[in-house]
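Structural overview
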Amino acid sequence: MTGRAADWLLAVSGGVLLTLMTQFNGDLAHHTGPVFASWAAHGLGAAVALVLVALFVRPLRRPELPADGPAPGRAPLWFYFGGIAGAVVVMLSAISVNSALELAGTVALMLTGQILFGVVSDRWGLLRTPRRPITRMDLTVAGCVLAGSVLIVVGA
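To keep things clear, this report deals only with the structure shown in the data block. (Residues numbered from 1 in each chain as written. Predicted model: local features only at pLDDT ≥ 70, side-chain atom pairs only at ≥ 80, totals over all residues. Heavy atoms only, no water.)

Quick word on the layout of surface pockets
We apply this condition: The method works on a 1 Å grid over the protein atoms by themselves. A cavity is a set of points holding a 1.4 Å probe that cannot get out, a pocket is an open set with protein on both sides within 12 Å along at least five of seven lines, and residues with an atom within 4 Å of a point line them. Grid points are joined across faces, edges and corners, and a volume is the space filled by probe spheres set on the points. Working definition: helices are DSSP H or I runs of at least four residues, strands are E runs of at least two. Numbering for both runs from the N terminus. Any residue that is not Ala, Val, Leu, Ile, Met, Phe, Trp, Tyr, Cys, Pro, Asp, Glu, Lys or Arg is counted as polar, Gly included; the first ten are nonpolar and the last four charged.
Approximately 890 Å³ is the volume found for the largest pocket. Contributing to the lining of the largest pocket are 28 residues, with Leu18, Met21, Gly86, Val90 and Met110 lying nearest its centre. Broken down by secondary-structure element, the contributors of at least two residues to the lining of the largest pocket are helix H1 (4-31), helix H2 (34-56), helix H3 (82-97) and helix H4 (102-124). Ranked by the residues each element gives to the lining of the largest pocket, the list is headed by H3, at 8 residues. Of the residues that constitute the lining of the largest pocket, the class distribution is 17 nonpolar, 11 polar and no charged.

In structure tokens form, the structure reads like this:
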């Protein structure tokens, strides 16, 4: 399977995985609390990532760092502060799943946030992405997802 069929399969699989992870995180937060649920989600994610790295990455020789800063291709230290925002998002999703929004509203708001962050990142070149202007299609997509999210949240 190649091309667009693989893209669709990956997109649907990612959406299903996001929904399942959000639901399980909300269930855990319901029985414990949002902070513990966020810690558990990030701890489990880190453990899985370490296992995958151990299984699939060949040992590499570590390059010598130049004296005047980070090596080319290495991320600046402030990039890693995105994990703090991620932890807050996981806590907020655990709270909203257990509110009147439930799972559908939470996922709708998360998708809206991801699309809007992507448009802003493309416009200003955040996280070393190439800068590009915001197009009419970007606004149309963001508007459609936002409208669908409003319908889900208001209808809840």
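Now that the structure has been shown, the text picks up again.
Quick word on the environment of aspartate 27
Within the secondary structure, aspartate 27 sits in helix H1. Taking the C-alpha atoms as reference points, aspartate 27 and alanine 94, separated by 67 residues in sequence, lie 7.9 Å from one another.

Quick look at the pattern of salt bridges
Side-chain pairs of opposite charge can arise where the charged atoms are in close proximity. This is how the line gets drawn: By definition, a salt bridge exists where a carboxyl oxygen of Asp or Glu is found within 4 Å of a side-chain nitrogen of Lys or Arg. Whether a residue is buried, partly exposed or exposed follows from its accessible area with a 1.4 Å probe, protein chains only, as a fraction of its type maximum: under 20%, in between, or over 50%, in that order.
Under the defined criterion, the tally for this structure stands at 2 salt bridges. Of the charged contacts, one joins aspartate 122 and arginine 132 as a salt bridge, the two residues approaching to 3.2 Å between their closest N and O atoms. Taken together, the residues aspartate 122 in helix H4 and arginine 132 in the loop between H4 and helix H5 (136-155) connect sequence positions 10 residues apart. Take aspartate 122: its relative accessible area is 24%, and that puts it in the partly exposed class. Judged by its relative accessible area of 34%, arginine 132 falls in the partly exposed class. The closest approach of N and O atoms between arginine 132 and aspartate 138, which form a salt bridge, is 3.1 Å. Classification of aspartate 138 by relative accessible area gives buried; the value is 14%. Several salt bridges share partner residues, and in doing so they unite Asp122, Arg132 and Asp138 into one network.

Focus: a nonpolar patch on the surface
We count it as follows: Only residues whose relative accessible area exceeds 30% and that form no salt bridge enter a patch; like-charged residues are grouped when within 9 Å of one another, and nonpolar side chains (Val, Leu, Ile, Met, Phe, Trp, Tyr) when within 5 Å. Only the protein chains shown count as cover for residues, with accessible areas throughout obtained via the Shrake-Rupley method and a probe of 1.4 Å.
Taken together, the side chains of Trp78, Phe81, Ile84, Val88, Leu92, Ile95, Phe117, Val120, Trp124, Leu126 and Leu127 make up a nonpolar region of the molecular surface, amounting to roughly 1,100 Å² of accessible area. Mapped by element, the contributors of at least two residues to the nonpolar patch are H3 and H4. Per element, the largest residue contribution to the nonpolar patch is 4 residues, and it comes from H3. Along the chain, tryptophan 78 turns up in the loop between H2 and H3.

Let's talk about unusual backbone geometry
The backbone phi angle of glutamate 102 is positive, close to 60 degrees, even though this residue is not glycine. Here glutamate 102 is to be found in helix H4. Even without being glycine, arginine 128 reaches a positive phi, approximately 65 degrees. Locating arginine 128 in the fold gives a position in the loop between H4 and H5. The exposure class of arginine 128 is exposed, given its relative accessible area of 54%.

Side note on the packing of H2 against H3
How we decide: Every axis corresponds to a line fitted to the C-alpha atoms, with the helix fit spanning only the stretch in contact, and the corresponding angles, defined between N-to-C directions, vary from 0 to 180 degrees. An angle below 35 degrees is treated as roughly parallel, one above 145 as roughly antiparallel, one from 65 to 115 as roughly perpendicular, and anything else as oblique. When the near helix sits turned anticlockwise from the far one by under a right angle, the crossing is termed left-handed; a clockwise turn instead gives a right-handed crossing. What makes two residues a contact is simply this: any of their non-hydrogen atoms within 4.5 Å.
Direction vectors running N to C along H2 and H3 enclose 125 degrees, while the axes themselves pass 9 Å from each other. When the axis of H2 is compared with that of H3, the two are oblique. In terms of crossing hand, the pair formed by H2 and H3 is right-handed. Contacts from Pro34, Val35, Ser38, Ala41 and His42 in H2 reach Gly86, Ala87, Val90, Met91, Ala94 and Ile95 in H3. In terms of residue class, the contact of H2 with H3 is built from 8 nonpolar, 3 polar and no charged.

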